[in-house]
Amino acid sequence: MRFVDRVAIVTGGGGHGLGGAIARSLAGEGARVAVADRDRDMAESVAAAITAAGGEALAVAVDVRRPDQVEAMAETVFEAFGGADILVNNAFTSCPDSILDADLDDWMRDVDVILKGAFLCARAVLPAMRERRRGAIVNVSTVNAHTYVGASAYSAAKAGVESLSRSIAVEYARHGIRSNVVVPGTFATEAWELRRQRHPDILDRLAHWYPTGRIGRVEEIAAAVLFLASDEAGWITGATLPVDGGLLAGNPWFARDAHPDDQPASGEEAQ
Ligand SMILES: NC(=O)c1ccc[n+]([C@@H]2O[C@H](COP(=O)([O-])OP(=O)(O)OC[C@H]3O[C@@H](n4cnc5c(N)ncnc54)[C@H](O)[C@@H]3O)[C@@H](O)[C@H]2O)c1
């Protein structure tokens, strides 16, 4: 129970994918959790699941793009729980785009939800964290921030969040506040559902690109987020932690073509 006496806010926490899993995991280790989501029903359903499991949760409807709503969300959490110790910036949208065809409104929506949203949420909780002289912000990025995988707005916004995380880390370290990033690879969440309906084998095909030969499990992201949010990571700040089955570490298929005469011994090949 690493988070007894801690208050956590998880944006996009109503999501059935990583956001909800992170919220439930934090609550499972004793945190009082604000499930902050644009979709009130989804936020309430995750909060209800936490409460049913014996935890403490509060559903808050918020559009993280809106400064007034973000400030109101923070106030609601402070009033209900007396402060905030942990912020997980998880909310996102992603429009499919190619640069020349991108719809500017959709492009800017992704930047606003991901980058402006993370900035506004951090700004809303930092004063309270500074007052308590403790706080941990965990920003959920993506491998797209490091290597081309399409979705230029989403990818650029996430790269911006990684930079923002380092700014917060350095500016607020002396106030006992840490800021870190997790970099997920692929997880079978609803974000993939449309593509999976059209291409039923899409996640199997993606698994092939991972050195570990599989995509991620949501509990593996939750474990990394909880570690970075916990006191165990007390001297880790400004860090970027890939949780990607080795995807960003390199590409076995490239290596095989680059060294055709130098293949791994039988049984060690990439799957
Ligand atoms: N699923 C993946 O394969 C994958 C891969 C890499 C990174 N990620 C990252 O992991 C995080 C979670 O992804 P997921 O697919 O599990 O989604 P999720 O299930 O956590 O759902 C995201 C939530 O964000 C909410 N949201 C969207 N716009 C919002 C706004 N303006 N204000 C407040 N809430 C808003 C949605 O309502 C939704 O509930 C995201 O940051 C995503 O970029 C996911």
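Here the structure is a predicted model, which means the values were calculated and not measured. (Residues numbered from 1 in each chain as written. Predicted model: local features only at pLDDT ≥ 70, side-chain atom pairs only at ≥ 80, totals over all residues. Heavy atoms only, no water.)

Participant: Even after reading the chapter, I still don't get helix α2 (residues 40-52), so can you show me in this structure?
Facilitator: Since the α-helix advances by 3.6 residues per turn, residues separated by three or four positions end up pointing in the same direction. Counted at 1.5 Å a residue, the expected span for α2 with its 13 residues is 18 Å, and the 18 Å between its end C-alpha atoms agrees. All buried positions along α2 are accounted for by A43, V46, A47 and I50. Down the axis of α2, the buried side of the element spans an arc of 100 degrees, and every buried residue falls inside it. Opposite the buried face of α2, by more than 90 degrees, sit the exposed residues D41 and A52. Buried-residue contacts for α2 involve α1 (18-28), β2 (32-37) and β3 (56-61). Residue D39 occupies the N-cap position of α2, its side-chain oxygen lying 3.1 Å from the main-chain nitrogen of D41. (Helix = DSSP H or I, 4+ residues; strand = E, 2+ residues; numbered from the N terminus. Expected span 1.5 Å × (residues − 1). Buried < 20%, exposed > 50% of the residue type's maximum accessible area, 1.4 Å probe, protein only. Arc of directions from axis to C-beta. Contact = heavy atoms within 4.5 Å. Polar contact = N/O pair within 3.5 Å; in protein donor to acceptor, adjacent residues only side chain to side chain.)

Participant: Would you mind going over the pattern of salt bridges with me for this structure?
Facilitator: Oppositely charged side chains can form a pair if their charged atoms are brought close together. According to the stated counting rule, one finds 12 salt bridges in the structure shown. R2 is the partner of E232 in a salt bridge, and the nearest nitrogen-oxygen pair spans 2.9 Å. In this pair, E232 sits in the loop between α8 (218-229) and β7 (240-243) while R2 sits in the segment before β1 (7-11), placing the two residues 230 residues apart along the sequence. The class for E232 is exposed, based on a relative accessible area of 55%. Looking at R2, the relative accessible area reads 30%, which means it is partly exposed. Between R65 and D63 there is a salt bridge, and its shortest N-O distance comes to 2.7 Å. On the basis of relative accessibility, which here comes to 25%, the residue R65 falls in the partly exposed class. (Salt bridge = Lys/Arg side-chain N within 4 Å of Asp/Glu carboxyl O.)

Participant: Can you walk me through the sheet that holds β1 in this structure?
Facilitator: Pairing between the strands of a sheet comes from backbone hydrogen bonds, and it takes one of two forms, parallel or antiparallel. With respect to topology, seven strands assemble into an open sheet ordered β3-β2-β1-β4-β5-β6-β7, the strand pairing being parallel. A strand with exactly one partner marks an edge of an open sheet, and here the two such strands are β3 and β7. Along the sheet, successive strands turn relative to each other by an average axial angle of 20 degrees, direction set aside. Looking at chain direction, strand β4 (residues 86-89) and strand β5 (residues 135-140) are connected through four bridges and run parallel. Bridge pairing in β5 places N89 opposite N139. (Pairing = 2+ DSSP bridges. Axes fitted to C-alpha atoms, helices over the stretch in contact; angles between N-to-C directions.)

Participant: Would you take a moment to explain the packing of α1 against α8 for this structure?
Facilitator: In a packed pair of helices, the relevant descriptors are the angle between the two axes and the axis-to-axis distance. Closest axis-to-axis distance for the α1/α8 pair is 9 Å, and the angle between their directions is 55 degrees. Relative to α8, the element α1 is oriented oblique. Every pair of crossing elements has a handedness; the one defined by α1 and α8 is right-handed. Facing L18, A21, I22, S25 and L26 of α1, the residues of α8 in contact are V218, I221, A222, V225 and L226. Residues of the contact of α1 with α8, tallied by class, amount to nine nonpolar, one polar and no charged. (Parallel < 35°, antiparallel > 145°, perpendicular 65-115°, else oblique. Left-handed = near helix turned anticlockwise from the far one by under 90°. Nonpolar A, V, L, I, M, F, W, Y, C, P; charged D, E, K, R; others polar.)

Participant: Would you mind going over the packing of helix α3 (residues 67-81) against helix α4 (residues 104-132) with me for this structure?
Facilitator: Two elements in contact, α3 and α4, have axes separated by 9 Å at closest approach and are oriented at 35 degrees. Seen from above, α3 lies across α4 with right-handed handedness. Contacts between α3 and α4 involve P67, V70, E71, M73, A74 and F78 on the former and, on the latter, L120, C121, A124, V125 and A128. Taken together, the residues that form the contact of α3 with α4 break down as 10 nonpolar, no polar and one charged.

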